[in-house]
Amino acid sequence: MTTLDIKSMKGREAITVLTCYDYSTARILEEMGIDIILVGDSLGNVVLGYESTKDVTVNDIVRHTGAVRRGAVSSFVVSDMPYSSDSSKELAVRNANLLVDGGADAVKVEGKPEICKYLVQSGMAVMGHIGHLPQTAEKPSIHKDFEKLLKEAEMLQAAGCFAIVMEMVDRDVARKITDFLDIPTIGIGAGPYCDGQVLVINDILGMYEDFKPKFVKQYAHVNDEIRKAVKAYKKDVRSGSFPGL
Ligand code: KIV
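Everything numeric here is computed off the predicted structure, so don't read it as measured data.

What counts as what
Residues numbered from 1 in each chain as written. Predicted model: local features only at pLDDT ≥ 70, side-chain atom pairs only at ≥ 80, totals over all residues. Heavy atoms only, no water. Near = heavy atom within 4 Å. Polar contact = N/O pair within 3.5 Å; in protein donor to acceptor, adjacent residues only side chain to side chain. Areas by Shrake-Rupley, 256 points an atom, 1.4 Å probe, with all protein chains shown as cover. Nonpolar A, V, L, I, M, F, W, Y, C, P; charged D, E, K, R; others polar. Buried < 20%, exposed > 50% of the residue type's maximum accessible area, 1.4 Å probe, protein only. Helix = DSSP H or I, 4+ residues; strand = E, 2+ residues; numbered from the N terminus. Pairing = 2+ DSSP bridges. Right-handed = clockwise from strand over helix to strand, strands pointing away. Axes fitted to C-alpha atoms, helices over the stretch in contact; angles between N-to-C directions. Parallel < 35°, antiparallel > 145°, perpendicular 65-115°, else oblique. Left-handed = near helix turned anticlockwise from the far one by under 90°. Contact = heavy atoms within 4.5 Å.

Engineer: How do you make sense of the site of the ligand when you look at a structure like this?
Structural biologist: Close to the ligand lie Thr19, Leu38, Gly40, Asp41, Ser42, Asp80, Lys108, His129, Val165, Ile188 and Val200, which account for all nearby residues. Between the ligand and the protein, one listed contact pairs an oxygen atom with a backbone N or O atom of Asp41 at 3.0 Å. Lys108 places a side-chain nitrogen or oxygen 2.9 Å from an oxygen atom of the ligand. Here the ligand loses 95% of its free accessible area of 250 Å² to cover by the protein chains. Looking at side-chain class alone, the shell around the ligand contains 4 nonpolar, 4 polar and 3 charged residues.

Here it is in structure tokens:
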């Protein structure tokens, strides 16, 4: 998978994207043929237990990108530029290089078309992100301003981004933007008309219970399975039936 392959999927086949933060899960995503694996800064909430994605560091993302790359050797891996890692052009290039050295094929930047342009000019593959921007937004809300969003999306396309995540964008607005752009849109809480969809893996597996966004579809109840297994193990150890004699 290359950025050209991803771009060529627009209008042909829906692009599948899932977040991932560890080696074992990355192996499964690669085996199942997920098109893009995103080492998102949602890492901070669902894995590291931070209060905010603002607490995620470049080192956190580098470490987890390495784990994902070791599990998914040939998948297309995108890593998030964490909060304030891209506050100047020079800093952004330095940090993006660390993510690429850590195993990423591309980086994702929230907003910031000028930074995206500079990263692309420096040779990086960059994924844009518009709509709800968790690193800087006060609280989640649906974005409906078509003119504003289209302008932002067009700036990111002109900057050379190969795809754009649209988070919590009104479905009809998302559809119009998708139709306007030449590059693929990847929706999260943005309705069915984007060129692809992304969700946080812990959400779809039922592994994150602190908060469940309305747009998430839960495909499994892994935490319930973990509870059952831990309960059975505890019972066996207490009763002496494990390990056997
Ligand atoms: O950090 C993240 O997981 C994201 C999403 C688009 C899901 O940015």
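Engineer: Teacher, can you tell me more about the pairing of strand β3 (residues 76–80) here?
Structural biologist: Every regular strand shows the same layout, with side chains that alternate between the two sheet faces. Most of β3 sits out of view: 5 of its 5 residues are buried. Going residue by residue along β3, you find Phe76, Val78 and Asp80 tucked away on one face and Val77 and Ser79 tucked away on the opposite face as well. Sheet topology places strand β2 (residues 36–39) next to β3; 4 bridges connect them, and they run parallel. Bridge pairing links Leu38 to Val78 in β3. Here β3 runs beside strand β4 (residues 106–108); their pairing, made up of 3 bridges, is parallel. Looking at β4, one finds that Ser79 is bridged to Val107. Each parallel crossover has a hand, and the one from β3 via helix α5 (residues 89–101) to β4 is right-handed.

Engineer: How should unusual backbone geometry be read in this particular structure?
Structural biologist: Glycine aside, negative phi is the norm for most residues, and most peptide bonds take the trans geometry. Across the junction of Phe242 and Pro243, the peptide omega takes the value -10 degrees, indicating a cis bond. Note on placement: Pro243 falls in the segment after α10 (222–239). A positive phi angle, near 65 degrees, is found at Ser84, a position not held by glycine. Residue position: Ser84 is located in the loop between β3 and α5. Its identity as a non-glycine residue notwithstanding, Met168 has a phi of 50 degrees, on the positive side. Along the chain, Met168 falls in the loop between β6 (163–167) and α8 (171–180).

Engineer: So what exactly am I meant to see when it comes to the packing of helix α6 (residues 113–121) against helix α7 (residues 146–159) here?
Structural biologist: To characterise two packed helices, one gives the angle between the axes of the helices and the distance between these axes. Look at α6 against α7: their axes get within 8 Å of each other, and the N-to-C directions meet at 15 degrees. The pairing of α6 with α7 is recorded here as roughly parallel in orientation. Once α6 is placed against α7, the crossing between them reads as right-handed. Across from Pro113, Cys116, Lys117 and Val120 in α6, the residues of α7 making contact are Met155, Leu156 and Ala159.

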